[in-house]
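# Tertiary structure, described
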Amino acid sequence: MFKKSKKGTCLKNRFVHVKTGDTVVVLSGKDRGKQGKVIAVSPKEGKLIVEGVNIVSKHVKPRKAGQDGGIIKTEGAMYASKVQIICSSCGKRTRIAHKIAEDGKKIRNCKKCGEKL
């Protein structure tokens, strides 16, 4: 059988379409339309962290002597389905096409202009 998450969804085909370093645009939510660079990706949860998007207040406790505690603002995780990748060559938001090269490697391409991402 397949492993199930706490909410009952199947984790068999979990796939995140973006990678660390990609430029993405937010499709829905309070930060709709904002662009940013992907800092971290968590495929197991299906979430990612985008630079400058989904800013949350975090209460931090001082851990070392002389370190300040308090409330800091940092980027929060968001679902990968809420973002779409931006092509570096044509500058449009696009979906990803996968093509297999002669040497057998899978290459990510832009669906609109066909360039390599």
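Details of the structure are given in the entry above.
Below or above, wherever it landed, is the structure these notes cover. (Residues numbered from 1 in each chain as written. Predicted model: local features only at pLDDT ≥ 70, side-chain atom pairs only at ≥ 80, totals over all residues. Heavy atoms only, no water.)

## Thoughts on the sheet that holds strand β7 (residues 83–86)
- On the basis of which strands lie adjacent, the open sheet formed by six strands has the order β6-β3-β2-β1-β7-β8 and antiparallel pairing. Two strands bound the open sheet, and with one partner strand each, they are β6 (77–79) and β8 (93–94).
- Sheet analysis places strand β1 (residues 23–26) next to strand β2 (residues 35–42), joined by three bridges and oriented antiparallel. Each residue of the ladder has a partner; that of Val25, found in β2, is Gln35. (Pairing = 2+ DSSP bridges. Helix = DSSP H or I, 4+ residues; strand = E, 2+ residues; numbered from the N terminus.)

## Concerning unusual backbone geometry
- A positive phi angle, close to 60 degrees, is found at Asn54, a residue other than glycine.
- Looking at where Asn54 falls in the secondary structure, it is placed in the loop between β3 (47–50) and β4 (55–60).

## Considering the pairing of β1
- As defined by bridge partners, β1 adjoins β7 across three bridges and the pair is classed as antiparallel. Across the sheet, residue Val25 finds its bridge partner in β7, namely Gln84.

## So, the environment of Val18
- In this structure, Val18 sits in the segment before β1.
- When its relative accessible area of 2% is taken as the criterion, Val18 is described as buried.
- Apart from the residues within four sequence positions on either side, Val18 is in contact with Val24, Val41, Leu48, Ile85 and Arg108. (Buried < 20%, exposed > 50% of the residue type's maximum accessible area, 1.4 Å probe, protein only. Contact = heavy atoms within 4.5 Å.)

In short, geometric facts, not functional conclusions.
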